[in-house]
Amino acid sequence: MSESFLIQAGFQFHWNKAEGALDTALDWISMTGGIKDVSPESNEQISQEFYYPNGGNATTDVIGMQDVWSFDGHREYNNEFQKYVFEELKYLLGAARRGTFRVTYPNGAKEIANSTIANIKAPGGPANEKGAISFEIHMNEIPKFTAASVIP
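Figured I'd write up the structure that's included with this text. (Residues numbered from 1 in each chain as written. Predicted model: local features only at pLDDT ≥ 70, side-chain atom pairs only at ≥ 80, totals over all residues. Heavy atoms only, no water.)

## Observations regarding the nonpolar core
Thought 1: One finds Trp-69, Phe-71 and Phe-101 to be the most contacted residues of the largest nonpolar core, which totals 25 residues.
Thought 2: The set of elements that each furnish at least two residues to this core consists of strand 1 (12–16), strand 3 (35–42), strand 6 (67–74), helix 1 (80–89), strand 7 (98–104), strand 8 (110–124) and strand 9 (132–139).
Thought 3: Looking at this core, the element that brings in the most residues is helix 1, giving 5 residues.
Thought 4: For Phe-71, the residues in contact, after removing those within four places along its chain, are Phe-13, Met-31, Ile-35, Asp-37, Val-38, Phe-101, Ile-133, Ser-134, Phe-135 and Ile-137. (Core = buried A, V, L, I, M, F, W, Y, C linked by side-chain atoms within 4.5 Å. Buried < 20%, exposed > 50% of the residue type's maximum accessible area, 1.4 Å probe, protein only. Helix = DSSP H or I, 4+ residues; strand = E, 2+ residues; numbered from the N terminus. Contact = heavy atoms within 4.5 Å.)

Printed below as a string of structure tokens:
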């Protein structure tokens, strides 16, 4: 069997300003303009308890979690999504930061979840470089997963 790897640049990321947006909605905004690096992480809450039957060693349970996607790149001023984040959302709080996040994998699989845009960092850096930005997408639920129709 030959190996098959998915190249990161094949990922697509989209945002819809409405919570609960369907995959078929027409108002998804591409998030990838100016983005150089994406890091998905699982923000897990764990409980570690030390019990006598284990000789005083810990037992770990995952009691909560949240997927968090971190995005880093450069400020692209004509990008629709970046205008939305840095010109409309930056100083808003609460429900104003919520919407729907869609990840499309290079093989066509998708994850969609109600989410929040958090930790927005405006452009910064040295005078002779492009303005560095970052933000995070916090999934507020377990994403709805759609498997790829074709395996590469």
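Back to the text.
## So, the pattern of salt bridges
Thought 1: Inspection of the entire model under this criterion finds 4 salt bridges.
Thought 2: For Arg-102, the salt bridge goes to Asp-23, with nearest N and O atoms at 2.6 Å. Of the two residues, Arg-102 sits in strand 7 while Asp-23 sits in the loop between strand 1 and strand 2 (29–30), which places them 79 residues apart along the sequence.
Thought 3: We classify Asp-23 as partly exposed; its relative accessible area is 32%. (Salt bridge = Lys/Arg side-chain N within 4 Å of Asp/Glu carboxyl O.)

## Remarks on the pairing of strand 1
Thought 1: With respect to burial, strand 1 is a largely interior element, 4 of its 5 residues being buried.
Thought 2: The pairing of strand 1 with strand 7 spans 5 bridges and is antiparallel. When the sheet's bridge partners are listed, Phe-13 is paired in strand 7 with Val-103.
Thought 3: Strand direction decides the pairing type here: strand 1 and strand 2, joined by 2 bridges, are antiparallel. Bridge pairing links His-14 to Ser-30 in strand 2. (Pairing = 2+ DSSP bridges.)

Everything listed here is a matter of coordinates, which is why it stays silent on function.
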